[in-house]
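Residue strings, one per chain:
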Amino acid sequence: MQTGVHTTLRQGLQQLIDNKTKPLGALGRLEEIALQTGLIQGTLHPQLHRPHIVVFAGDHGIAAKGLVNPYPQAVTAQMVLNFITGGAAINVLCRLHHIGLCVVDAGVNFDFDAGIFPGKLISHKIGYGTRNYLDTEAMTREEALRAIDAGKQVVTELYASGCNCIGLGEMGIGNTSSASLIMSYVTGIPVEECAGRGTGTTDEQLMKKKDVLREAFRRHLPAVAADPAALTILEHVGGYEIAMMTGAYLKAAELRMVILVDGFISTAALLLARLIKGDVQDCCFFAHASGESGHIRMLEYLDARPLLDLGMRLGEGTGAAMAYPVLQSAVHFLREMASFESAGVSKA
């Protein structure tokens, strides 16, 4: 959007907000959300159509040995089956808030029978889990590019169906470790300060996890330092689901969709998307402050304020689903609340 047009639109939106039947600023952050939504969509009258959460699922080679994860790798596939049969937390929240749900096999170490649940699972499988980044690169450059393109394709198809608001979630045993490495390479924060408990990790397991991640960080640092680009980081320590989320962010921002960023892993993917296109964050709302310890540091790095802080750290896009009604409330007050003039209410 051109600077002059952007300034005029911002002024118009602010005037609309200020003229609603309330004291200036009385709706707090809802006013900021309404303003940003209008700027994203380029209109004084923003609307949210067919909101969707997309859950990208993929396995990680590091998880096969149980070095960073108390739950076995097989849980990834088991949870995907739970998603497509409607039994997970994200299913409950999407049903409650009338949000569509898409589940994408980005690279799960399992063969799903598409005939059993037709239309329930989108297959963009790049491989049966990434490689163990303690031994080699997690994926090839070609695989990283394919995953990014697949994420873009998912968003393009949703947009074509009328969706203009999207939240990205994930499932993948071991993916908090990949996200911790990504966070460390992008932000410069030591990897042991980025790593949190993930799913069900004890104190002893957390210490081991940090040792493993320090070793992985040192192994791939020369390559990343030589070329600190998103593709390099994905190639060395990424996950197929994280790469697809990176592509999804890029396409959603290009299409000027309203984006709800979920938690730790989803924000790590956004860090990578920002390396590719710096203004992608302009379309983003940060749904919540995850209970995963590194997420607050990520949000500080991005100068981002989350909409909610509920101590959640489940993933799946659950924070984004919880935040959607807040976004919805902001848009509806802007569209439906009376002005002082239309209601015949005195300003003073």
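S.K.: Any chance you could explain the overall build of the chain here in plain terms?
M.R.: For the chain, the helix and strand inventory stands at 14 helices and six strands. In terms of overall size, the chain behaves like a compact globule, its C-alpha atoms giving a radius of gyration of 21 Å where 348 residues would be expected to give roughly 20 Å. Taken across its 348 residues, the chain has 55% of its residues classed as buried. Expressed as a percentage of contacts within the chain between residues at least 6 apart in sequence, the contacts between residues at least 24 apart total 74%. Accessible surface computed for the chain: about 14,300 Å², of which carbon and sulfur atoms make up 53%.

S.K.: Just to check I follow, could you spell out the pairing of strand 4 (residues 165-171) for this structure?
M.R.: In regular strands, side chains alternate between the two faces of the sheet. By the criterion of burial, strand 4 is predominantly enclosed, with seven of the seven residues buried. Alternating positions in strand 4 separate into two faces, C165, G167, G169 and M171 on one and I166, L168 and E170 on the other, with burial throughout. Where strand 1 (residues 52-58) lies against strand 4, six bridges are found, and the strand directions are parallel. Across the sheet, V54 pairs through a bridge with L168, a residue of strand 4. As judged from the four bridges shared by strand 4 and strand 5 (residues 258-261), these two strands associate in the parallel manner. Bridging across to strand 5, I166 finds its partner in I259.

S.K.: Whenever I open this one, the packing of aromatic side chains confuses me. Can you help?
M.R.: Across all of its chains, the model carries two aromatic pairs by this definition. Centre to centre, the rings of Y185 and F217 are 4.4 Å apart; their planes meet at 15 degrees, and the pair counts as stacked. Remark: F217 occurs in helix 8 (residues 203-226) and Y185 occurs in helix 6 (residues 175-187); sequence separation between them is 32 residues. F217 matches Y185 in its accessibility class, with the two residues each being buried.

S.K.: Mind showing me how you'd approach the sheet that holds strand 2 (residues 100-107) here?
M.R.: To summarise the sheet geometry, strands pair through backbone hydrogen bonds and adopt either a parallel or an antiparallel arrangement. Pairing in this open sheet of six strands is parallel, and the strands run 3-2-1-4-5-6 from one edge to the other. The two strands at the open ends of the sheet, each matched to only one other strand, are strand 3 (122-123) and strand 6 (284-286).

S.K.: So what exactly am I meant to see when it comes to the environment of D309 here?
M.R.: Tracing the backbone shows D309 in the loop between helix 12 (293-301) and helix 13 (318-336). Look at D309 and you get exposed, because its relative accessible area is 59%.

S.K.: Would you take a moment to explain the pattern of salt bridges for this structure?
M.R.: Side chains carrying opposite charge are able to pair once their charged atoms draw close together. Within this structure, the stated rule accounts for 13 salt bridges. E235 is paired through a salt bridge with R141; the nearest N and O atoms lie 3.1 Å apart. Of this pair, E235 sits in helix 9 (residues 230-237) while R141 sits in helix 5 (residues 141-160), placing them 94 residues apart in sequence. Of the charged contacts in the structure, one is a salt bridge between K277 and D279, with a shortest N-O distance of 2.6 Å. What you see here is one network of salt bridges that share partners, running through R29, E32 and R305.

S.K.: Help me understand unusual backbone geometry in this model?
M.R.: For residues besides glycine, phi is generally negative; the peptide bonds are generally trans as well. Even without being a glycine, R50 presents a positive backbone phi close to 45 degrees. As for its position among the elements, R50 is in the loop between helix 2 (29-41) and strand 1. For D303, which is not a glycine, the phi torsion comes out positive at approximately 55 degrees. Looking at the element boundaries, D303 is found in the loop between helix 12 and helix 13.

What counts and how
- Along each chain, residues carry numbers from 1 onward, in the same order as the chain's sequence is written.
- pLDDT decides what is reported in this predicted model: residues at 70 or higher carry local features, side-chain atom pairs at 80 or more are listed and counted, and totals for whole chains, interfaces and linings draw on all residues regardless.
- Values reported for side chains reflect all heavy atoms of the structure, with hydrogen atoms and water molecules removed beforehand.
- Only runs of H or I of at least four residues qualify as helices and only runs of E of at least two qualify as strands under DSSP, and these elements are numbered from the N terminus.
- Here the globule rule reads 2.2 Å times residues to the power 0.38, and the radius of gyration is calculated from C-alpha atoms.
- For each residue, the accessible area found with a 1.4 Å probe, counting protein chains only, is set against the maximum for its type, and the residue is called buried under 20%, exposed over 50%, and partly exposed in between.
- Residue contacts are counted whenever heavy atoms from the two residues lie within 4.5 Å of one another.
- The accessible surface values rely on the Shrake-Rupley method and a 1.4 Å probe; as for residues, cover is taken only from the protein chains in view.
- Between any two strands, pairing holds if DSSP finds at least two bridges.
- Two rings from Phe, Tyr or Trp (for Trp, the six-membered ring) form a pair when their centres are within 6.5 Å of each other. A pair whose planes differ by under 30 degrees is stacked, one over 60 is edge-to-face, and the rest are tilted.
- By convention in these notes, a salt bridge is any Lys or Arg side-chain nitrogen within 4 Å of a carboxyl oxygen on Asp or Glu.

Coordinates in, geometry out; function isn't part of it.
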